[in-house]
Amino acid sequence: MAVEKRWIAHEAQAIVVGTFTARPTLPWFDGWHGSGEIAVDEVLYGERVPHQIKLRFDCRWENACRWWPPVRYPEFTFHKGLWFLRRLDSETWESASDLGFRPLTERAYWENYISL
């Protein structure tokens, strides 16, 4: 279990503390495309990132994404938390694994793990 829990940190190019604000989810030929911005307060790991970064979520049909109703953002919208990210292009990031979000209550655990 510990290896699975920690895998997201191995996939991440950056770990930041920030708040996500969602844009509307849009249907596309390959699935639902969601996006938004993270207002970054701190970088805990990885390269420096701007104070506002673009985040993209894709739910693809091939990965059993449902057609209707549209995919909704989980309750992490507008809540500050830890974001495990990898770069998509020069301006856009995606989650490193699963949703890429962890609550701030896990901060000490992750700071300890990445400092090893």
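Residues numbered from 1 in each chain as written. Predicted model: local features only at pLDDT ≥ 70, side-chain atom pairs only at ≥ 80, totals over all residues. Heavy atoms only, no water.

(A) Region of interest: the packing of aromatic side chains. All chains considered together, the criterion is met by 5 aromatic pairs. Look at Phe-20 and Trp-83: their rings are 5.6 Å apart centre to centre, the planes differ by 45°, and that puts the pair in the tilted class. One end of the pair, Phe-20, is in strand 1 (residues 14–22); the other, Trp-83, is in strand 5 (residues 80–87), and 63 residues separate them in sequence. On the basis of relative accessible area, Phe-20 is assigned to the buried category, the value being 0%. Owing to a relative accessible area of 0%, Trp-83 belongs among the buried residues under this scheme. On the basis of an interplanar angle of 85° and a centroid distance of 5.0 Å, the ring pair of Tyr-109 and Trp-110 is categorised as edge-to-face. By relative accessible area, Trp-110 is classed as buried at 1%. Taken together, the ring pairs connect Phe-84, Tyr-109, Trp-110 and Tyr-113 into an aromatic cluster. (Phe/Tyr/Trp six-rings, centres within 6.5 Å; stacked < 30°, edge-to-face > 60°. Helix = DSSP H or I, 4+ residues; strand = E, 2+ residues; numbered from the N terminus. Buried < 20%, exposed > 50% of the residue type's maximum accessible area, 1.4 Å probe, protein only.)

(B) Representation of the environment of Ser-115. Residue placement: Ser-115 occurs in the segment after helix 2 (107–114). Of the residues examined, Ser-115 reaches a relative accessible area of 54% and is grouped as exposed. Considered as a pair, Ser-115 and Leu-44 are 71 residues apart in the sequence and their alpha carbons are 9.9 Å apart. At a separation of 2.8 Å, a polar atom in the side chain of Ser-115 contacts the main-chain carbonyl oxygen of Asn-112. (Polar contact = N/O pair within 3.5 Å; in protein donor to acceptor, adjacent residues only side chain to side chain.)

(C) Quick look at the pattern of salt bridges. Within this structure, the stated rule accounts for 8 salt bridges. The partner of Glu-94 in a salt bridge is Arg-86, with the nearest N and O atoms 2.9 Å apart. Judged by its relative accessible area of 24%, Glu-94 falls in the partly exposed class. Note that Arg-107 is salt-bridged to Glu-111, the shortest N-O span being 3.0 Å. Here the residue Arg-107 and the residue Glu-111 both occupy positions in helix 2, the gap between them amounting to 4 residues, near one helical turn. Given the relative accessible area of 22%, Arg-107 is considered partly exposed. (Salt bridge = Lys/Arg side-chain N within 4 Å of Asp/Glu carboxyl O.)

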